[in-house]
Amino acid sequence: FSEETERAKAVLDFRDALEEAILKQAGEDAVTFLGGATGAHCGYLDFIAWDLTAVLDAAADFLRESPLMWANFHTFRREAGTIRLVAKEPDGADCREAQVDEADCREAQADEESDGAGSFVGFVLLSEVAWDRAQFIRDLKAEWDIDAETEKDEDDDETADVLVFPVGDMTAAVSMMPGPVPEGEAEQNAANNYMWPEAVETAKAHRAHLMVAVLGKDADLKERGKLFVKLISCCCSQEHATGVYASGTVFEPRFYQSFAEMMKEDALPIFNWIWFGLYQTENGVSCYTYGMDTFGKDEMEVLDVNAAPSEVRDFLSCLVGYVLEYDVTLRDGETIGFSEEDKHAITRSEGVSLPGMTLKISYEP
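Since we're looking at a predicted model, the values are computed, not measured.

1. Describing the overall build of the chain
In step 1: Looking only at helices and strands, one finds 10 helices and 16 strands in the chain.
In step 2: Buried residues in the chain amount to 48% of all 365 residues.
In step 3: With the model as given, the accessible surface of the chain reaches about 18,800 Å², and the carbon-plus-sulfur share is 47%.

2. Looking at unusual backbone geometry
In step 1: Phi angles above zero are rare outside glycine, and glutamate 183 is one such case at about 60 degrees.
In step 2: Turning to its location among the elements, glutamate 183 is positioned in the loop between β7 (170-177) and α5 (185-190).
In step 3: Overall, glutamate 183 belongs to the partly exposed group, its relative accessible area being 47%.
In step 4: Within the chain, serine 247 stands out as a residue other than glycine whose phi angle is a positive 55 degrees.
In step 5: Positionally, serine 247 belongs in the loop between β9 (241-246) and β10 (249-251).
In step 6: For serine 247, a relative accessible area of 16% puts it in the buried group.

3. What to know about helix α4 (residues 133-144)
In step 1: Over its 12 residues, α4 extends 16 Å from the first C-alpha to the last, a length consistent with the 16 Å expected when each residue adds 1.5 Å.
In step 2: By the burial criterion, the buried members of α4 are Arg133, Gln135, Phe136, Ile137, Asp139, Leu140 and Trp144.
In step 3: Lining the buried residues of α4 we find β6 (162-167), β7, α7 (221-235) and α8 (253-260).
In step 4: Between the side-chain oxygen of the N-cap and the backbone nitrogen of alanine 134 there are 3.2 Å, and the N-cap of α4 in question is aspartate 132.
In step 5: Downstream of α4 by a residue or two, aspartate 145 has a phi angle that is positive, lying close to 55 degrees.

What counts and how
- Residues numbered from 1 in each chain as written.
- Predicted model: local features only at pLDDT ≥ 70, side-chain atom pairs only at ≥ 80, totals over all residues.
- Heavy atoms only, no water.
- Helix = DSSP H or I, 4+ residues; strand = E, 2+ residues; numbered from the N terminus.
- Buried < 20%, exposed > 50% of the residue type's maximum accessible area, 1.4 Å probe, protein only.
- Areas by Shrake-Rupley, 256 points an atom, 1.4 Å probe, with all protein chains shown as cover.
- Expected span 1.5 Å × (residues − 1).
- Contact = heavy atoms within 4.5 Å.
- Polar contact = N/O pair within 3.5 Å; in protein donor to acceptor, adjacent residues only side chain to side chain.

This is the structure we're talking about:
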């Protein structure tokens, strides 16, 4: 166990060092890291590159001095080629120094680049390695009046694995991934969904997934978030869709779609964006948010409350709705309330339910 723990720490430290080196050399505007996964023998980092040549040059420079024997770059486009960054002989010498060709980079980057930075990313779990691209395009038009048609040449395949299209000053992307979410991540987080008893078993059974992303640095965060929910909601209508992995848990497709409908009444899809975790302690009920950081806000917690779980969740969801609707920033030492007499203290400190700093909101006025 100790050896596995040390190995896991070494892998994460290496990934952190690689990210730091790329950001330092290529610049923070060149790349947005989305996450990654590590298996028994290999691992990967997911990212969106705004300057792919600079990112791969920086990665190759770092990896060449590392103990890794080889490293490749490959875009989510299945038909695109692989770019070899490092390949070493057993004695550690480079047998083929990385050649990052700008033309290759532009080709690999074509479906992932937009004018802005930042993204919302989520995954729709599939029971089969299949999706109906044409149906998704029809559903998006019928439900939300969004055109996802792209220019196609004569050889274009209607069942292509990637669909990328502009929506105003945003870019939407839906990518078919022919395998489960790596490292059992979906089923692990499915355990957080106390409202869906079958969440874990459903997540364990998925065989593929759709990765959904919305990009656009210059677009309003809420508009990006709304588009993201619309995309995933339409993905939920796919024949083989079984769950939505987003906001730190796995949602039931019907649940996700029903709350997405709130946007048709000009309401924010709070329960699609934010997961409200609930758990029992010796001193009462605690509730926390997961997803506020996507909007540049601190996560919130209500701790050890003597009240019904649904009441605590409703209390916190009302606060979240207010903060996101009016772009409010809550600060340590302030109060918030629903009337002049109703004041709730705000304390910013190390998180209890979550890592990092969170806002603790007192339940009692």
